[in-house]
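Spelled out, the chains give:
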Amino acid sequence: MATGRTHRPATRSRGIPEATVARLPLYLRALTALSERSVPTVSSEELAAAAGVNSAKLRKDFSYLGSYGTRGVGYDVEYLVYQISRELGLTQDWPVVIVGIGNLGAALAGYGGFASRGFRVAALIDADPAMTGRPVAGIPVQHSDDLERIIEEDGVSIGVIATPAGVAQQVCDRLVAAGVTSILNFAPTVLSVPDGVDVRKVDLSIELQILAFHEQRKAGEEAGAGNGPNTAGAAAAPPTPRGTTGTGRKGPDGDVPAVMPA
């Protein structure tokens, strides 16, 4: 089976928009569920509903793959699973290193969905000498001093950063210098990378803050509906956190705006 260092997915060369690429995993997840239930075909409307998009957008996305379905029949589920998996590069083996084996890193190491989706956790890396040799999810943790050697020996092109924010950029720089060209960043900071390196950021606190914004808005709308238009405006106004000014507050990761943009 090929490794990630020798093969790259063809999405960019084929001109598939980034927004479409971002939706392909949603389609694949829905299709995989259908395949597990031995469903042979699916209509665009059914698949769009399962993936959480509208059917016109789905048909447009699939046109970039050269897949148009059959009128009156729909899409062949197994063929679409293969087609999307191939386009995403999941028909080959992608070795991944996880750097930072705290609670989050350990949870990621134990996630069973990696292997079934074409990703192999090649190594777990941590700077704490006390962690060296300790098995996490059946994989012994290796010291960060060996990071470059591990990347070279395992042909790693994807790195996962689950370190504290203060050291994330340093880890990122070392990963890139060693040949990693794609990074999944869980650290609460923005990473600077050169051209040719892709970064995807996962920030759970920001996602929760966005949900809090929507919850606050819904509460304001409900209060407004019950108390009239004059009260609605007051109900919708965000409160100022205790001990802060209206412009912002200090958090563990630096200044946080009083109202986060959605």
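The text that follows walks through the structure, step by step, so that each part is easy to find. Small disclaimer: the values here were computed from a predicted structure and weren't measured.

Each value, and the rule that gives it
Residues numbered from 1 in each chain as written. Predicted model: local features only at pLDDT ≥ 70, side-chain atom pairs only at ≥ 80, totals over all residues. Heavy atoms only, no water. Helix = DSSP H or I, 4+ residues; strand = E, 2+ residues; numbered from the N terminus. Buried < 20%, exposed > 50% of the residue type's maximum accessible area, 1.4 Å probe, protein only. Contact = heavy atoms within 4.5 Å. Areas by Shrake-Rupley, 256 points an atom, 1.4 Å probe, with all protein chains shown as cover. Expected span 1.5 Å × (residues − 1). Pairing = 2+ DSSP bridges. Axes fitted to C-alpha atoms, helices over the stretch in contact; angles between N-to-C directions.

1. Observations concerning the overall build of the protein
Move 1: Secondary structure summary: the protein contains 10 helices and 11 strands in total.
Move 2: The buried share of the protein, taken over its 262 residues, is 35%.
Move 3: A separation threshold of at least 6 residues defines the contact pool for the protein, and within that pool the share at least 24 residues apart is 56%.
Move 4: Here the protein has roughly 14,900 Å² of accessible surface; of this, 55% comes from carbon and sulfur atoms.

2. Quick notes on helix α1 (residues 18-36)
For an α-helix the count is 3.6 residues per turn, leaving residues at separations of three or four pointing the same way.
Move 1: With 19 residues, α1 should reach 27 Å at 1.5 Å per residue; the first-to-last C-alpha distance of 28 Å fits that figure.
Move 2: Among the residues making up α1, those that are buried are Thr20, Val21, Arg23, Leu24, Tyr27, Leu28, Ala30, Leu31 and Leu34.
Move 3: Taken together, the buried residues of α1 touch β1 (41-42), α2 (44-51), α3 (55-64) and α4 (77-88).
Move 4: Immediately beyond the C-terminal end of α1, within one or two residues, lies serine 38, with a positive phi of roughly 60 degrees.

3. A short note on unusual backbone geometry
Move 1: You will see that serine 38, though not glycine, has its phi angle at about 60 degrees, which is positive.
Move 2: One non-glycine residue with positive phi stands out, namely alanine 137, at about 55 degrees.
Move 3: Secondary-structure assignment places alanine 137 in the loop between β5 (135-136) and β6 (139-143).

4. Overview of the sheet that holds strand β7 (residues 158-161)
Move 1: Within the open sheet, the seven strands sit side by side as β5-β6-β4-β3-β7-β8-β9. Their pairing is mixed. Each edge of the sheet is formed by a strand with only one pairing partner; in this case those strands are β5 and β9 (198-201).
Move 2: Pairing geometry for β7 and strand β8 (residues 182-185), over four bridges, is parallel. Bridged to isoleucine 161 within β8 is asparagine 185.
Move 3: Contacts from helix α8 (residues 165-177) reach β3 (94-99), β7 and β8, with the element oriented near 170 degrees to β7.

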